[in-house]
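# What the coordinates show
Read off the chains here:
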Amino acid sequence: MLSLPDFPKNELGLKRGTILKAKPALEGQLGLKTGNRIPIGFDGEYVRCYGFTWSIDQLVREIEELGYWEIDEEVIDLTDEPRSLKFAQEIELLHLN
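A short tour of the structure in this document, coming up.

Calculation notes
Residues numbered from 1 in each chain as written. Predicted model: local features only at pLDDT ≥ 70, side-chain atom pairs only at ≥ 80, totals over all residues. Heavy atoms only, no water. Phe/Tyr/Trp six-rings, centres within 6.5 Å; stacked < 30°, edge-to-face > 60°. Buried < 20%, exposed > 50% of the residue type's maximum accessible area, 1.4 Å probe, protein only. Helix = DSSP H or I, 4+ residues; strand = E, 2+ residues; numbered from the N terminus. Arc of directions from axis to C-beta. Contact = heavy atoms within 4.5 Å.

Enumeration over the complete set of coordinates arrives at three aromatic pairs. An angle of 45° between the planes, with centres 6.4 Å apart, marks the rings of Phe52 and Trp54 as tilted. Judged by its relative accessible area of 3%, Trp54 falls in the buried class. Taking 6.0 Å as the distance between ring centres and 85° as the angle between the ring planes, the aromatic pair formed by Trp54 and Trp69 counts as edge-to-face.

Have a look at this one:
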């Protein structure tokens, strides 16, 4: 069984596998276009998607106050251990044995 860090508690219900969609306010930043979707995870210190990192407070602010992201209805199902391991390695950049 995988031992992964707990995703930080937050008022938006964000969790490992949540998908965020870039909004027009983000256009031109981070190399993302409006509508681009990214999955988020947690590496034990930061909320992460590949090389992008946020504190949970920073990401909540980007969603609620700055309008950079929309929370997509779709969430990646990570109940399958091989899929969860692949997500941990590729999205969260965790090195698990």
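So, about helix H1 (residues 56–64). Think of an α-helix as 3.6 residues a turn; residues three or four steps apart then line up on the same face. Those residues of H1 that fall on the buried side of the exposure criterion are Ile56, Leu59, Val60, Glu62 and Ile63. Down the axis of H1, the sector holding all buried residues measures 160°, keeping them to one side. In this structure, the buried residues of H1 make contact with strand E1 (18–22), strand E4 (47–49), strand E5 (52–54) and strand E6 (69–75).

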